[in-house]
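# Descriptive structure summary
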Amino acid sequence: MNSYIEQLFSLQDRVAIVTGASRGIGAGIAKGLAQAGAKTYGTGRSEKPEWESIENLHYKRCDVSKAQEILKLCQELYEEHGRLDILVNAAGITLPLKDTDTLEERLTNFDRTIEVDLRAPYAGSMAAAPYMAKSGGGSIINITSINSIVGFPGNPGYVAAKGGLRLMTKGLAMDLIKDNIRVNNIAPGYIETSMTKASFSNPETYEQRLRHMIVPRWGQPEDLVGATIYLASDASAYVTGQDIFVDGGWTAKGMIVTPYSS
Ligand SMILES: NC(=O)c1ccc[n+]([C@@H]2O[C@H](COP(=O)([O-])OP(=O)(O)OC[C@H]3O[C@@H](n4cnc5c(N)ncnc54)[C@H](OP(=O)(O)O)[C@@H]3O)[C@@H](O)[C@H]2O)c1
(Lines give C-alpha, C1' and ligand atoms only; values in the text may rest on other atoms or scores of the structure.)
Protein backbone atom coordinates (compact mmCIF):
# COMPACT_ATOMS: atom_id res chain seq x y z
CA MET A 1 0.00 0.00 0.00
CA ASN A 2 1.07 3.57 -0.73
CA SER A 3 2.86 4.91 2.38
CA TYR A 4 0.78 8.12 2.44
CA ILE A 5 -2.40 6.06 2.71
CA GLU A 6 -0.86 3.78 5.34
CA GLN A 7 0.15 6.84 7.36
CA LEU A 8 -3.34 8.32 7.04
CA PHE A 9 -5.01 5.33 8.69
CA SER A 10 -2.16 4.34 11.02
CA LEU A 11 -2.74 4.19 14.78
CA GLN A 12 0.83 3.15 15.50
CA ASP A 13 1.94 4.22 18.99
CA ARG A 14 -1.37 5.91 19.80
CA VAL A 15 -2.93 5.15 23.17
CA ALA A 16 -6.59 4.18 23.24
CA ILE A 17 -9.25 3.47 25.86
CA VAL A 18 -12.37 1.54 24.91
CA THR A 19 -15.04 1.41 27.60
CA GLY A 20 -17.45 -1.52 27.67
CA ALA A 21 -14.88 -3.81 26.10
CA SER A 22 -15.20 -6.87 28.29
CA ARG A 23 -17.42 -8.30 25.53
CA GLY A 24 -19.60 -7.34 22.56
CA ILE A 25 -19.13 -4.27 20.41
CA GLY A 26 -16.47 -2.69 22.66
CA ALA A 27 -14.43 -5.90 22.56
CA GLY A 28 -14.61 -6.03 18.75
CA ILE A 29 -13.55 -2.39 18.50
CA ALA A 30 -10.72 -2.80 21.03
CA LYS A 31 -9.30 -5.75 19.11
CA GLY A 32 -9.48 -3.78 15.86
CA LEU A 33 -7.70 -0.74 17.32
CA ALA A 34 -4.97 -2.99 18.75
CA GLN A 35 -4.51 -4.67 15.37
CA ALA A 36 -4.21 -1.21 13.79
CA GLY A 37 -1.25 -0.55 16.10
CA ALA A 38 -2.79 1.41 18.99
CA LYS A 39 -1.84 0.51 22.55
CA THR A 40 -5.39 -0.32 23.51
CA TYR A 41 -6.96 -0.61 26.95
CA GLY A 42 -10.35 -2.28 26.92
CA THR A 43 -12.35 -1.77 30.10
CA GLY A 44 -15.38 -3.12 31.92
CA ARG A 45 -16.58 -4.01 35.42
CA SER A 46 -16.09 -7.75 34.91
CA GLU A 47 -13.07 -9.31 36.57
CA LYS A 48 -11.91 -10.67 33.21
CA PRO A 49 -12.87 -9.98 29.59
CA GLU A 50 -14.48 -12.62 27.39
CA TRP A 51 -11.42 -12.64 25.10
CA GLU A 52 -7.82 -13.73 25.06
CA SER A 53 -5.28 -10.93 24.93
CA ILE A 54 -3.47 -10.15 21.67
CA GLU A 55 -0.51 -7.86 20.99
CA ASN A 56 -1.27 -4.24 22.04
CA LEU A 57 -4.51 -5.21 23.80
CA HIS A 58 -4.90 -5.00 27.57
CA TYR A 59 -7.82 -5.13 29.99
CA LYS A 60 -8.48 -2.82 32.95
CA ARG A 61 -11.43 -2.89 35.30
CA CYS A 62 -13.35 0.37 35.35
CA ASP A 63 -16.97 1.23 36.19
CA VAL A 64 -17.89 4.12 33.90
CA SER A 65 -20.69 5.25 36.21
CA LYS A 66 -17.95 6.19 38.72
CA ALA A 67 -16.28 9.22 37.14
CA GLN A 68 -13.26 8.93 39.45
CA GLU A 69 -12.45 5.48 38.05
CA ILE A 70 -12.25 6.66 34.44
CA LEU A 71 -10.30 9.75 35.51
CA LYS A 72 -7.80 7.55 37.37
CA LEU A 73 -7.40 5.33 34.31
CA CYS A 74 -6.71 8.34 32.05
CA GLN A 75 -4.13 9.63 34.54
CA GLU A 76 -2.41 6.24 34.83
CA LEU A 77 -2.20 5.71 31.07
CA TYR A 78 -0.90 9.23 30.48
CA GLU A 79 1.78 8.73 33.15
CA GLU A 80 2.76 5.36 31.67
CA HIS A 81 2.79 6.31 27.96
CA GLY A 82 3.11 10.11 27.97
CA ARG A 83 0.01 10.40 25.78
CA LEU A 84 -3.68 9.60 25.39
CA ASP A 85 -5.13 9.77 21.89
CA ILE A 86 -8.37 7.84 21.56
CA LEU A 87 -11.44 7.27 23.74
CA VAL A 88 -14.28 5.05 22.55
CA ASN A 89 -17.31 5.32 24.82
CA ALA A 90 -18.91 1.94 24.12
CA ALA A 91 -20.11 0.89 27.61
CA GLY A 92 -23.86 0.77 27.64
CA ILE A 93 -26.92 -0.87 29.14
CA THR A 94 -30.51 -1.33 28.11
CA LEU A 95 -33.23 -1.83 30.70
CA PRO A 96 -36.52 -2.64 28.93
CA LEU A 97 -39.64 -1.80 30.90
CA LYS A 98 -42.44 -4.15 31.87
CA ASP A 99 -46.05 -2.98 31.56
CA THR A 100 -46.45 -3.68 35.29
CA ASP A 101 -43.55 -1.41 36.36
CA THR A 102 -44.53 1.23 38.90
CA LEU A 103 -43.66 4.89 38.42
CA GLU A 104 -40.85 4.47 40.94
CA GLU A 105 -39.43 1.49 39.03
CA ARG A 106 -39.71 3.38 35.74
CA LEU A 107 -37.77 6.33 37.15
CA THR A 108 -35.08 4.12 38.68
CA ASN A 109 -34.65 2.40 35.31
CA PHE A 110 -34.59 5.74 33.47
CA ASP A 111 -32.01 7.28 35.82
CA ARG A 112 -29.68 4.27 35.66
CA THR A 113 -29.83 4.18 31.85
CA ILE A 114 -29.05 7.89 31.63
CA GLU A 115 -26.22 7.45 34.15
CA VAL A 116 -24.44 4.75 32.13
CA ASP A 117 -25.42 5.60 28.54
CA LEU A 118 -25.24 9.42 28.66
CA ARG A 119 -23.61 10.78 31.82
CA ALA A 120 -20.71 8.30 31.68
CA PRO A 121 -19.65 9.20 28.10
CA TYR A 122 -19.67 12.84 29.22
CA ALA A 123 -17.60 12.03 32.31
CA GLY A 124 -15.18 9.93 30.24
CA SER A 125 -14.80 12.66 27.64
CA MET A 126 -14.14 15.31 30.29
CA ALA A 127 -11.66 13.04 32.06
CA ALA A 128 -9.77 12.21 28.86
CA ALA A 129 -9.80 15.64 27.19
CA PRO A 130 -7.06 17.32 29.28
CA TYR A 131 -4.71 14.40 28.64
CA MET A 132 -5.54 14.41 24.92
CA ALA A 133 -4.87 18.14 24.89
CA LYS A 134 -1.44 17.53 26.44
CA SER A 135 -0.87 14.90 23.72
CA GLY A 136 -1.49 17.42 20.94
CA GLY A 137 -5.07 16.31 20.22
CA GLY A 138 -7.28 13.27 20.14
CA SER A 139 -10.40 11.53 18.95
CA ILE A 140 -13.47 10.71 21.05
CA ILE A 141 -15.93 8.25 19.55
CA ASN A 142 -19.33 7.72 21.13
CA ILE A 143 -21.29 4.59 20.38
CA THR A 144 -24.88 5.73 19.96
CA SER A 145 -27.53 3.66 18.19
CA ILE A 146 -30.12 3.82 15.45
CA ASN A 147 -32.29 4.73 18.45
CA SER A 148 -30.48 8.08 18.57
CA ILE A 149 -32.73 9.10 15.67
CA VAL A 150 -35.64 6.64 15.65
CA GLY A 151 -37.88 5.37 18.44
CA PHE A 152 -37.99 1.96 20.06
CA PRO A 153 -40.88 0.80 22.23
CA GLY A 154 -40.69 0.11 25.96
CA ASN A 155 -37.33 1.76 26.54
CA PRO A 156 -37.64 5.54 26.85
CA GLY A 157 -34.47 5.86 28.94
CA TYR A 158 -32.41 4.22 26.19
CA VAL A 159 -33.73 6.37 23.33
CA ALA A 160 -33.41 9.50 25.49
CA ALA A 161 -29.81 8.62 26.37
CA LYS A 162 -28.78 7.76 22.82
CA GLY A 163 -30.54 10.80 21.33
CA GLY A 164 -28.90 12.97 23.99
CA LEU A 165 -25.50 11.42 23.33
CA ARG A 166 -25.85 12.12 19.62
CA LEU A 167 -26.37 15.82 20.23
CA MET A 168 -23.93 16.06 23.13
CA THR A 169 -21.29 14.91 20.64
CA LYS A 170 -21.98 17.92 18.46
CA GLY A 171 -21.67 20.28 21.44
CA LEU A 172 -18.43 18.67 22.63
CA ALA A 173 -17.06 18.79 19.09
CA MET A 174 -17.40 22.58 19.30
CA ASP A 175 -15.96 22.81 22.82
CA LEU A 176 -12.93 20.58 22.30
CA ILE A 177 -11.62 21.55 18.86
CA LYS A 178 -9.52 24.27 20.54
CA ASP A 179 -7.35 21.39 21.78
CA ASN A 180 -7.49 19.56 18.44
CA ILE A 181 -9.88 16.96 19.85
CA ARG A 182 -12.53 15.66 17.49
CA VAL A 183 -15.76 14.05 18.72
CA ASN A 184 -17.93 11.80 16.57
CA ASN A 185 -20.59 9.11 16.85
CA ILE A 186 -20.89 5.64 15.48
CA ALA A 187 -24.51 4.48 15.44
CA PRO A 188 -24.76 0.69 15.21
CA GLY A 189 -27.84 -1.09 13.96
CA TYR A 190 -28.65 -4.58 15.21
CA ILE A 191 -25.41 -6.29 16.22
CA GLU A 192 -25.27 -9.79 17.67
CA THR A 193 -24.05 -9.36 21.26
CA SER A 194 -25.30 -10.28 24.72
CA MET A 195 -27.38 -7.07 24.64
CA THR A 196 -29.46 -8.32 21.70
CA LYS A 197 -29.36 -12.05 22.49
CA ALA A 198 -33.05 -12.20 23.39
CA SER A 199 -34.04 -10.82 19.98
CA PHE A 200 -31.55 -12.60 17.71
CA SER A 201 -32.10 -15.97 19.37
CA ASN A 202 -35.87 -15.73 18.86
CA PRO A 203 -36.65 -16.60 15.19
CA GLU A 204 -39.61 -14.24 15.06
CA THR A 205 -37.81 -11.12 16.35
CA TYR A 206 -34.64 -12.09 14.45
CA GLU A 207 -36.59 -12.09 11.20
CA GLN A 208 -38.61 -8.99 12.11
CA ARG A 209 -35.42 -6.94 12.59
CA LEU A 210 -33.75 -8.47 9.53
CA ARG A 211 -36.60 -7.26 7.33
CA HIS A 212 -35.55 -3.64 8.08
CA MET A 213 -31.96 -4.16 6.92
CA ILE A 214 -30.73 -3.45 3.39
CA VAL A 215 -27.59 -5.53 3.89
CA PRO A 216 -29.34 -8.87 4.45
CA ARG A 217 -27.74 -9.95 7.72
CA TRP A 218 -27.41 -8.95 11.36
CA GLY A 219 -24.20 -7.09 12.23
CA GLN A 220 -21.22 -8.45 14.13
CA PRO A 221 -18.97 -6.44 16.50
CA GLU A 222 -16.22 -6.56 13.82
CA ASP A 223 -18.47 -4.53 11.51
CA LEU A 224 -17.75 -1.47 13.67
CA VAL A 225 -13.97 -1.69 13.32
CA GLY A 226 -13.56 0.10 9.96
CA ALA A 227 -15.55 3.17 11.00
CA THR A 228 -13.70 3.31 14.33
CA ILE A 229 -10.25 3.21 12.72
CA TYR A 230 -11.35 5.91 10.28
CA LEU A 231 -12.62 8.20 13.07
CA ALA A 232 -9.64 7.48 15.34
CA SER A 233 -7.02 8.15 12.67
CA ASP A 234 -5.79 11.16 10.70
CA ALA A 235 -7.94 9.96 7.79
CA SER A 236 -10.83 11.82 9.48
CA ALA A 237 -8.83 14.93 10.48
CA TYR A 238 -11.52 17.20 8.97
CA VAL A 239 -14.48 15.27 10.44
CA THR A 240 -16.04 16.24 13.76
CA GLY A 241 -19.51 16.30 15.30
CA GLN A 242 -20.75 13.66 12.85
CA ASP A 243 -22.70 10.41 12.93
CA ILE A 244 -21.68 7.33 11.00
CA PHE A 245 -24.50 4.80 10.87
CA VAL A 246 -23.18 1.25 10.69
CA ASP A 247 -26.61 -0.30 10.52
CA GLY A 248 -26.80 -2.38 7.36
CA GLY A 249 -28.96 0.37 5.92
CA TRP A 250 -31.66 0.12 8.63
CA THR A 251 -32.22 3.88 8.84
CA ALA A 252 -32.06 4.29 5.04
CA LYS A 253 -34.64 1.66 4.14
CA GLY A 254 -37.78 3.28 2.83
CA MET A 255 -39.91 0.25 2.19
CA ILE A 256 -40.02 -3.00 4.13
CA VAL A 257 -39.44 -5.75 1.60
CA THR A 258 -37.71 -9.03 2.30
CA PRO A 259 -33.97 -8.42 2.44
CA TYR A 260 -33.30 -10.59 -0.58
CA SER A 261 -35.86 -9.10 -2.95
CA SER A 262 -35.01 -6.19 -5.24
N1 LIG B 1 -25.81 -4.71 20.16
C2 LIG B 1 -26.48 -3.82 19.44
O3 LIG B 1 -27.27 -4.18 18.54
C4 LIG B 1 -26.32 -2.35 19.68
C5 LIG B 1 -26.96 -1.48 18.79
C6 LIG B 1 -26.81 -0.11 18.96
C7 LIG B 1 -26.01 0.37 19.97
N8 LIG B 1 -25.40 -0.49 20.83
C9 LIG B 1 -24.55 0.10 21.86
O10 LIG B 1 -23.25 -0.46 21.78
C11 LIG B 1 -22.65 -0.47 23.06
C12 LIG B 1 -22.16 -1.87 23.38
O13 LIG B 1 -23.28 -2.74 23.40
P14 LIG B 1 -23.14 -4.32 23.26
O15 LIG B 1 -24.20 -4.75 22.33
O16 LIG B 1 -21.73 -4.70 23.04
O17 LIG B 1 -23.61 -4.74 24.73
P18 LIG B 1 -23.09 -5.87 25.72
O19 LIG B 1 -22.68 -7.07 24.96
O20 LIG B 1 -24.14 -5.99 26.76
O21 LIG B 1 -21.79 -5.21 26.35
C22 LIG B 1 -21.90 -4.08 27.14
C23 LIG B 1 -20.54 -3.68 27.63
O24 LIG B 1 -20.69 -2.53 28.46
C25 LIG B 1 -20.05 -2.78 29.69
N26 LIG B 1 -20.68 -2.01 30.77
C27 LIG B 1 -21.99 -1.96 31.11
N28 LIG B 1 -22.15 -1.17 32.20
C29 LIG B 1 -20.91 -0.71 32.53
C30 LIG B 1 -20.41 0.13 33.55
N31 LIG B 1 -21.21 0.68 34.48
N32 LIG B 1 -19.08 0.36 33.59
C33 LIG B 1 -18.26 -0.20 32.68
N34 LIG B 1 -18.66 -1.00 31.70
C35 LIG B 1 -19.97 -1.26 31.63
C36 LIG B 1 -20.11 -4.28 29.88
O37 LIG B 1 -19.04 -4.69 30.70
P38 LIG B 1 -19.18 -5.25 32.21
O39 LIG B 1 -20.48 -6.02 32.31
O40 LIG B 1 -17.96 -6.07 32.34
O41 LIG B 1 -19.16 -4.03 33.05
C42 LIG B 1 -19.88 -4.76 28.45
O43 LIG B 1 -18.50 -4.80 28.16
C44 LIG B 1 -23.71 0.07 24.02
O45 LIG B 1 -23.51 1.43 24.23
C46 LIG B 1 -25.00 -0.16 23.26
O47 LIG B 1 -26.01 0.73 23.67
C48 LIG B 1 -25.54 -1.83 20.70
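Residues numbered from 1 in each chain as written. Predicted model: local features only at pLDDT ≥ 70, side-chain atom pairs only at ≥ 80, totals over all residues. Heavy atoms only, no water.

## Some details on the overall build of the chain
Along the chain, the regular secondary structure elements total 8 helices and 7 strands. At 18 Å, the chain has a C-alpha radius of gyration in line with the 18 Å of a compact globule built from 262 residues. Seen through its principal axes, the chain has C-alpha atoms that stretch 50 × 50 × 40 Å. Scored against the burial criterion, the 262 residues of the chain give a buried share of 48%. Put simply, 69% of the contacts in the chain that link residues at least 6 apart link residues at least 24 apart. As presented, the chain carries roughly 12900 Å² of accessible surface, and 53% of it is formed by carbon and sulfur atoms. Looking at the chain, you have 26 positive and 29 negative side-chain charges, and the mean spots of the two groups are 1 Å apart. (Helix = DSSP H or I, 4+ residues; strand = E, 2+ residues; numbered from the N terminus. Rg over C-alpha atoms; globule rule 2.2 N^0.38 Å. Buried < 20%, exposed > 50% of the residue type's maximum accessible area, 1.4 Å probe, protein only. Contact = heavy atoms within 4.5 Å. Areas by Shrake-Rupley, 256 points an atom, 1.4 Å probe, with all protein chains shown as cover. Lys, Arg positive; Asp, Glu negative; His and termini not counted. Charge placed at Lys NZ, Arg CZ, Asp CG, Glu CD.)

## Thoughts on helix 8 (residues 225-232)
In an α-helix, one turn spans 3.6 residues; hence positions three or four apart end up facing the same way. Of all 8 residues that make up helix 8, 6 are buried, and the element is covered over most of its length. If you check which residues of helix 8 are buried, you get Val225, Ala227, Thr228, Ile229, Leu231 and Ala232. For helix 8, the secondary structure elements touched by its buried residues are helix 1 (3-9), helix 2 (24-35), strand 4 (86-89), strand 5 (138-143), strand 6 (181-188) and strand 7 (243-246).

## Digging into the nonpolar core
Val18, Ile29, Leu33, Val88 and Ile186 are the most contacted members of the largest nonpolar core, which totals 29 residues. Of all the secondary structure elements, the ones that give two or more residues to this core are strand 1 (15-18), helix 2, strand 3 (57-61), strand 4, strand 5 and helix 8. Beyond its immediate chain neighbours, meaning those up to four positions away, leucine 33 contacts Leu11, Ala16, Val18, Ala38, Thr40, Ile86, Val88, Thr228, Ile229 and Ala232. (Core = buried A, V, L, I, M, F, W, Y, C linked by side-chain atoms within 4.5 Å.)

## Side note on the pattern of salt bridges
In this structure the tally under the stated criterion is 12 salt bridges. A salt bridge links lysine 66 to aspartate 63, with the shortest nitrogen-to-oxygen separation between them at 3.7 Å. The exposure class assigned to aspartate 63 is buried, which follows from its relative accessible area of 13%. With a shortest N-O distance of 2.9 Å, aspartate 223 and arginine 217 are connected by a salt bridge. (Salt bridge = Lys/Arg side-chain N within 4 Å of Asp/Glu carboxyl O.)

## Observations concerning the site of the ligand
Near the ligand there are 32 residues, and of these Ser22, Arg45, Ser46, Tyr158 and Thr193 occur at the shortest range. The contact in question runs from an oxygen atom of the ligand to an N or O atom on the backbone of glycine 20, over 3.2 Å. At 2.9 Å from a nitrogen atom of the ligand is found a main-chain nitrogen or oxygen belonging to valine 64. A total of 880 Å² of accessible area belongs to the ligand in isolation, and the protein chains cover 96% of it. Of the residues belonging to the shell around the ligand, the class tally is 14 nonpolar, 13 polar and 5 charged. (Near = heavy atom within 4 Å. Polar contact = N/O pair within 3.5 Å; in protein donor to acceptor, adjacent residues only side chain to side chain. Nonpolar A, V, L, I, M, F, W, Y, C, P; charged D, E, K, R; others polar.)

## Points about a nonpolar patch on the surface
Side chains of Met1, Tyr4, Ile5 and Phe9 sit close together on the surface and give an oily, nonpolar patch of about 460 Å² of accessible area. Relative to the helices and strands, isoleucine 5 resides in helix 1. By relative accessible area, which is 32% here, isoleucine 5 ends up partly exposed. (Patch = residues over 30% accessible without salt bridge, like charges linked within 9 Å, V, L, I, M, F, W, Y side chains within 5 Å.)

## Some words on the sheet that holds strand 6
What holds strands together in a sheet is hydrogen bonding between their backbones, with the strands either parallel or antiparallel. One open sheet accounts for 7 strands, arranged 3-2-1-4-5-6-7; its pairing is parallel. The two strands at the open ends of the sheet, each matched to only one other strand, are strand 3 and strand 7. Within the sheet, the average angular offset between the axes of one strand and its neighbour, ignoring direction, is 20 degrees. Of the strand pairs in this sheet, strand 1 and strand 4 are connected by 3 bridges, and their pairing is parallel. Within strand 4, the position partnered with valine 18 by the bridge is valine 88. Helix 8 rests against strand 4, strand 5, strand 6 and strand 7 of the sheet, and its axis sits at about 170 degrees to strand 6. (Pairing = 2+ DSSP bridges. Axes fitted to C-alpha atoms, helices over the stretch in contact; angles between N-to-C directions.)

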